[in-house]
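One-letter residues, chain by chain:
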Amino acid sequence: GWIPRRSTKRATRRRQKMELNRLQLLGNTRDTMRKAQQHLQQGQRRFQTGDMLGAITELKSAIELNLQDPACYAMLGICYLQVGRANDALSALQQAADLAPNDPEIAYVLGSVLLEAGQPERAVQEFQRCVKLDPNGQRGMEAKQLLEELALEDGVPAAAAQPAPEPKPQPKSASAELAENLNF
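So, here is what we can say about the structure in this document. Per chain, the residues get numbers from 1 upward, laid out in the order the sequence is written. Only residues with pLDDT of at least 70 get local features here, since the model is predicted, and only at 80 or more are side-chain atom pairs given and counted; chain-wide, interface and lining totals rely on the full set of residues. The basis for every side-chain value is the complete set of non-hydrogen atoms in the structure, without hydrogens or water.

**Structural notes on the nonpolar core**
What is meant by a nonpolar core is a set of buried Ala, Val, Leu, Ile, Met, Phe, Trp, Tyr and Cys residues, joined one to another through side-chain atoms within 4.5 Å. Only protein chains enter the calculation, and the probe is 1.4 Å; a residue is then buried if its accessible area is under 20% of its type maximum, exposed if over 50%, and partly exposed in between. Among the nonpolar cores identified, the biggest contains 41 residues, and Phe47, Leu59, Cys72, Leu76, Cys79 and Phe127 are the most heavily contacted of them. Strands are runs of DSSP state E lasting at least 2 residues, helices are runs of H or I lasting at least 4, and numbering of each runs from the N terminus. When residues of this core are traced back to their parent elements, those giving at least two are helix 1 (2-48), helix 2 (52-64), helix 3 (70-82), helix 4 (86-99), helix 5 (104-116), helix 6 (120-133) and helix 7 (138-153). Broken down by element, the residue count for this core peaks at 9 residues, all from helix 3.

See the structure below:
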């Protein structure tokens, strides 16, 4: 009789309420992602104009909204490096590498920052990963050259039988050069 019908109505209302909650959650998720993308775009604009502190604020806002974009973390790392926060830079770049382990650009940037931070062993690992991921691409070739230079500095013969590269004028810093040549 009436008891099953009543429980069926209650179950139907419960299912409808759960579906409504699910749809509201999806809407919030879409809205959150849209806001996160806006923060990322604003961070990119501020980065390009040289406003590193503004870029850091925007990029952190994007990340706080649960944006798991490796390029966002990588750009945040470069911004931190530009303002002298090396530990924060390494942390952000490591997060980028964890999110995109097959991205040679991120491996190269992380290797460069590690090298600048006085961690040549870890830098070599990242440069080797970059070469493995993109052996014939621009970053892979640059990483190969850096590996050869590092091997020569350590007194170890370079793997490839190539003459030592011509000395280049010293750039402002590795991070400044990276900031000008990012390809995300």
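**A closer look at the packing of helix 3 against helix 4**
For the pair helix 3 and helix 4, the least separation of the axes is 7 Å and the interaxial angle reads 165°. The orientation of helix 3 relative to helix 4 falls into the category roughly antiparallel. The handedness of the crossing between helix 3 and helix 4 comes out as left-handed. Contacts between helix 3 and helix 4 pair Pro70, Tyr73, Ala74, Leu76, Gly77, Tyr80 and Leu81 from the former with Ala86, Asp88, Ala89, Ala92, Leu93, Gln95, Ala96 and Leu99 from the latter. Residue classes follow a fixed rule: Ala, Val, Leu, Ile, Met, Phe, Trp, Tyr, Cys and Pro count as nonpolar, while Asp, Glu, Lys and Arg count as charged, and any other residue, Gly among them, counts as polar. Here the contact of helix 3 with helix 4 is built from residues that sort into 12 nonpolar, 2 polar and 1 charged. Inter-axis angles, ranging from 0 to 180 degrees, are taken between N-to-C directions of lines fitted to C-alpha atoms, where helices are fitted over the stretch in contact. In these notes the angle categories are as follows: under 35 degrees is roughly parallel, over 145 is roughly antiparallel, 65 to 115 is roughly perpendicular, and the rest is oblique. In this scheme the handedness of a crossing depends on how the near helix is turned from the far one: anticlockwise by less than a right angle means left-handed, clockwise means right-handed. Whether two residues are in contact is decided by their heavy atoms, any of which lying within 4.5 Å being enough.

**A word on helix 2**
Each turn of an α-helix holds 3.6 residues, which means side chains three or four residues apart point in the same direction. Expected helix span is computed as 1.5 Å times (number of residues minus one). If you check helix 2, its first and last C-alpha atoms are 18 Å apart, about what 13 residues at 1.5 Å a residue would give, namely 18 Å. Those residues of helix 2 that sit buried are Met52, Gly54, Ala55, Ile56, Glu58, Leu59, Ala62 and Ile63.

**Some words on helix 4**
Along its 14 residues, helix 4 runs 20 Å from first to last C-alpha, staying within 8% of the 20 Å computed at 1.5 Å per residue. For helix 4, every residue scored as buried is listed here: Ala89, Leu90, Ala92, Leu93, Ala96 and Ala97. All buried residues of helix 4 lie within an arc of 170° about the axis, which places them on one face of the element. Here the arc refers to the set of directions running from the helix axis out to each C-beta atom.

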